[in-house]
Amino acid sequence: VLMNNGHIGLYYKENTSTGNTRFLFQELSATGAKIGRALTIVEGAISPGIQALDNGTLLATWFDVVTGQHRARILDAEGDSMGRGFGISTTGMAPYSYGDLVTLGDGFAFGWSDTVTGMFMAQLFDATGKAKSNPFLVTDTAGEFNGGVGGLFRVGDGFAGFVLGN
């Protein structure tokens, strides 16, 4: 991810000696030189992602296979952790559920497949990770979308969502 300071933020997976995986963040200069030490974001997760928010902070995301929840951690503009990880999906906990993130001017929206109802849900968050809304439906019916994949994309200061069904 391109950071506000012109550096590159690298979010990568590493296998540990115990067989687990961990996801780390490393800041790199424009020439590729490491800046500081790599920061471990999470261990034992899947589906990592990272995006720069409009305020210059970074949002690292992953799916926690233990809790069945999508989680996130905010990093400051230099790639240092600004706190612990927090949940960004609240319904449909399951061994895996698809999720999608879109940055917004004052925060972000996260959408996920609710594996209980078959619906694609979303929730709004501010730039600190505090929920600005309750979870809401992106789809208005479950029948033809059961097992489908949804997504979010930015439109101006807002976003639109879609679902591709079976």
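Attention in this report is confined to the structure presented alongside it. No experiment lies behind these values; they were computed from the predicted model shown. (Residues numbered from 1 in each chain as written. Predicted model: local features only at pLDDT ≥ 70, side-chain atom pairs only at ≥ 80, totals over all residues. Heavy atoms only, no water.)

Points about the pairing of strand S5 (residues 58-64)
- In terms of burial, S5 is a largely internal element, seven of the seven residues being buried.
- Side-chain alternation along S5 places Leu58, Ala60, Trp62 and Asp64 on one buried face and Leu59, Thr61 and Phe63 on a second face that is also buried.
- As paired strands, strand S4 (residues 45-52) and S5 are joined by six bridges and run antiparallel to one another. If you follow Ala52 over to S5, its bridge partner there is Leu58.
- A loop of five residues connects S4 with S5, the two strands running antiparallel in sequence, and Gly56 in this loop sits at a positive phi of about 95°.
- Across seven bridges, S5 lies against strand S6 (residues 69-75) in antiparallel orientation. (Buried < 20%, exposed > 50% of the residue type's maximum accessible area, 1.4 Å probe, protein only. Helix = DSSP H or I, 4+ residues; strand = E, 2+ residues; numbered from the N terminus. Pairing = 2+ DSSP bridges.)

Observations concerning the nonpolar core
- The biggest cluster of nonpolar side chains holds 13 residues, and the ones touching the most others in it are Leu59, Phe86, Ile88, Phe108 and Phe110.
- It is strand S9 (residues 107-113) that contributes the most residues to this core, three residues altogether.
- Dropping the residues within four chain positions of it, Ile88 is found in contact with Thr61, His70, Arg71, Ala72, Phe108, Phe110, Trp112 and Phe125.
- Grouped together as the second largest cluster of nonpolar side chains are twelve residues, Tyr11, Phe25, Leu58 and Leu75 included. (Core = buried A, V, L, I, M, F, W, Y, C linked by side-chain atoms within 4.5 Å. Contact = heavy atoms within 4.5 Å.)

Digging into the sheet that holds strand S7 (residues 86-87)
- The sheet built from four strands is open, its strands ordered S4-S5-S6-S7 with antiparallel pairing. The open sheet has two free edges, formed respectively by S4 and S7, since each of these has just one partner strand.
- Where S6 and S7 come together, two bridges link them in antiparallel fashion. Within S7, the residue paired with Arg71 across the bridge is Gly87.

Considerations on the pairing of strand S2 (residues 21-28)
- Taken across its eight residues, S2 has seven buried, putting it largely inside the fold.
- Across eight bridges, the pairing between strand S1 (residues 8-15) and S2 is antiparallel. For Tyr12, the partnering residue across the bridge sits in S2 and is Leu24.
- As judged from the six bridges shared by S2 and strand S3 (residues 34-43), these two strands associate in the antiparallel manner. The partner of Phe23 across the bridge, within S3, is Val42.
- Here S2 folds back onto S3 in antiparallel fashion, the turn holding five residues, of which Gly32 has a positive phi close to 95°.

Structural notes on the packing of aromatic side chains
- Evaluated as defined, the whole model comprises five aromatic pairs.
- Between Phe110 and Trp112 the ring centres are 6.2 Å apart and the planes differ by 20°, which places this aromatic pair in the stacked class.
- Measuring from centroid to centroid gives 6.4 Å for Phe153 and Phe162, while their planes differ by 40°, and the two rings are tilted. (Phe/Tyr/Trp six-rings, centres within 6.5 Å; stacked < 30°, edge-to-face > 60°.)

Quick look at the sheet that holds S1
- A sheet is described by the order of its strands in space; here three strands give the open sequence S1-S2-S3, paired in antiparallel fashion. At either margin of the open sheet sits one strand with a lone partner, and together these are S1 and S3. Recorded for the sheet is a direction-independent mean angle of 25° between the axes of neighbouring strands. (Axes fitted to C-alpha atoms, helices over the stretch in contact; angles between N-to-C directions.)

Observations regarding a nonpolar patch on the surface
- Taken together, the side chains of Phe153, Val155, Phe162 and Leu164 present a nonpolar region at the surface, about 380 Å² in accessible area.
- Among the secondary structure elements, those contributing two or more residues to the nonpolar patch are strand S12 (149-155) and strand S13 (158-164).
- Here Phe162 lies in strand S13.
- With a relative accessible area of 35%, Phe162 lands in the partly exposed category. (Patch = residues over 30% accessible without salt bridge, like charges linked within 9 Å, V, L, I, M, F, W, Y side chains within 5 Å. Areas by Shrake-Rupley, 256 points an atom, 1.4 Å probe, with all protein chains shown as cover. Salt bridge = Lys/Arg side-chain N within 4 Å of Asp/Glu carboxyl O.)

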